[in-house]
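Understanding the architecture of this molecule
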Amino acid sequence: MPDSPYFVVRGSDIQGKGAFATKAIRKGTRVIEYTGQIIPEDEADRRYDDSKMKRHHTFLFQMCDGAVAIDAAVGGNDARFINHSCDPNCEPVEDRGRIFIEAIRSIKVGEELTYNYGLTGEGDEHDDWKEKYRCNCGAPNCSGNMLIKPKKKRVVKKAAKKKAGK
Ligand SMILES: C[S@@+](CC[C@H](N)C(=O)[O-])C[C@H]1O[C@@H](n2cnc3c(N)ncnc32)[C@H](O)[C@@H]1O
Ligand SMILES: [Zn+2]
């Protein structure tokens, strides 16, 4: 059984495996929760040492400005295969400490699901950071890498509170 009723995982032109819509998805649909083991930043750095990687590759979802992360390699689901894009069709939303991936526009069958990783890693510490974090999303507005500018901290949108009595 797939982990989401909305997509399957298969080879992607962006990188490795990706998530592809199996049905039309409406804007605002929660396609999957990003699950895994919640670990502090130092443990995440220990597990995924950028300086030892030729190309940045992790299954981490950074939260709280990077203070903690969800490591989807441990107990995670198919959300870990959703690739980054500079022109994404989904976004992560925090709802009571949990992260959900939501469609930000309508998505057609066969389209690859993506969100902007908004990585705040100190990529420019390494001489080879441009190569290490190179983005292959193919979007016309691609910034060339998966990092966001250090001053623009990642903000994960909070889910709207439900009205009382609903
Ligand atoms: C959570 S995994 C996504 C699934 C990945 N494609 C795989 O097969 O394991 C995140 C990793 O995928 C790669 N990736 C995702 N989006 C990318 C992109 N736009 N350009 C290049 N690599 C990307 C990076 O190595 C990143 O660290
Ligand atoms: Zn890009």
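The present account deals with the structure reproduced in this document. Counting of residues starts from 1 at the beginning of each chain's written sequence and follows it residue by residue. As a convention, the first chain written is A and the first ligand written is 1, with the rest following in written order. pLDDT decides what is reported in this predicted model: residues at 70 or higher carry local features, side-chain atom pairs at 80 or more are listed and counted, and totals for whole chains, interfaces and linings draw on all residues regardless. Hydrogens are left out, water is left out, and the side-chain values use all remaining heavy atoms of the structure.

1. Overview of the overall build of the protein chain
Only DSSP runs of H or I reaching four residues or more are called helices, and only runs of E reaching two or more are called strands; each is numbered from the N terminus. For the protein chain, the helix and strand inventory stands at two helices and 11 strands. Overall, the protein chain shows an N-to-C arrangement of helices and strands of β-β-β-β-α-β-β-β-β-β-β-α-β. The contact criterion used throughout is that any non-hydrogen atoms of two residues lie within 4.5 Å. Across the protein chain, contacts joining residues at least 24 apart in sequence account for 69% of those joining residues at least 6 apart. Working note: accessible area of the protein chain is about 10100 Å², and carbon and sulfur atoms make up 50% of it. Surface accessibility in these figures is a Shrake-Rupley result with a 1.4 Å probe; residues are shielded only by whichever protein chains are displayed.

2. Some words on the site of ligand 1
Lining the immediate surroundings of ligand 1 are 20 residues, of which Gln-15, Lys-17, Arg-55, His-56 and Arg-80 lie closest. Two N or O atoms count as a polar contact when they lie within 3.5 Å, although within protein this holds only if one can serve as hydrogen donor and the other as acceptor, and sequence-adjacent residues are included solely when both atoms are side-chain atoms. For ligand 1, a nitrogen atom lies 2.7 Å from a polar atom in the side chain of Gln-15. Here a nitrogen atom of ligand 1 sits 2.9 Å away from a polar atom, N or O, in the main chain of Asn-136. Within the complex, the protein chains bury 95% of what would otherwise be the 570 Å² of accessible surface of ligand 1. Each residue is assigned to one class: nonpolar for Ala, Val, Leu, Ile, Met, Phe, Trp, Tyr, Cys and Pro, charged for Asp, Glu, Lys and Arg, and polar for all the others, Gly among them. Among the residues forming the shell around ligand 1, the class breakdown is eight nonpolar, eight polar and four charged. Any residue with a heavy atom positioned within 4 Å of a molecule or strand is treated as near that molecule or strand.

3. Focus: the sheet that holds strand 5 (residues 60-63)
DSSP-based pairing: two strands are paired if at least 2 bridges between them are found. Taken in spatial order, the three strands of this open sheet run 4-6-5, and their pairing is antiparallel. Each having just a single partner strand, strand 4 (37-40) and strand 5 make up the two edges of the open sheet. Strand after strand, the sheet turns through a mean of 30° between neighbouring axes, direction not considered. Alignment of strand 4 against strand 6 (residues 68-71), held across four bridges, turns out to be antiparallel. By the bridge assignment for strand 6, Ile-38 is matched with Ile-70. Inter-axis angles, ranging from 0 to 180 degrees, are taken between N-to-C directions of lines fitted to C-alpha atoms, where helices are fitted over the stretch in contact.

4. A look at the coordination of the zinc ion (ligand 2)
Donor atoms: N, O and S within 2.8 Å of the metal, or within 3.2 Å for Na, K and Ca. Because water is excluded, sites can look incomplete. Within the first shell, the zinc ion (ligand 2) binds the protein through Cys-86 (SG), Cys-135 (SG), Cys-137 (SG) and Cys-142 (SG), at distances of 2.3 to 2.4 Å. Angular criteria define each label, namely tetrahedral for four donors with all angles between 85 and 135 degrees, square planar for four and octahedral for six donors with opposite donors over 155 degrees apart and remaining angles between 65 and 115, and irregular for whatever fails these tests. The coordination sphere of the zinc ion (ligand 2) comprises four donor atoms, whose angles at the metal cover 105 to 116°; the geometry is tetrahedral. For Cys-86, a relative accessible area of 13% gives the class buried. Given a relative accessible area of 27%, Cys-142 falls into the partly exposed group. Note on classification: 1.4 Å probe, protein chains only; a residue is buried when its accessible area is under 20% of the maximum for its type, exposed when over 50%, partly exposed between these limits.

5. What to know about the pattern of salt bridges
The salt bridge definition used is simple: a Lys or Arg side-chain nitrogen within 4 Å of an Asp or Glu carboxyl oxygen. According to the stated counting rule, one finds 10 salt bridges in the structure shown. Between Arg-30 and Glu-102 there is a salt bridge whose closest N-O contact spans 3.0 Å. Of the two residues, Arg-30 is situated in strand 3 (residues 30-33) and Glu-102 in strand 9 (residues 98-103); the sequence distance between them amounts to 72 residues. Judged by its relative accessible area of 12%, Glu-102 is buried. Residue Glu-111 pairs with Arg-105 through a salt bridge whose shortest N-O separation is 3.1 Å. Look at Glu-111 and you get partly exposed, because its relative accessible area is 22%. Arg-105 gets classed as partly exposed once you look at its relative accessible area, which sits at 33%. One network of salt bridges, in which partners are shared, links Arg-30, Asp-95, Arg-96 and Glu-102.

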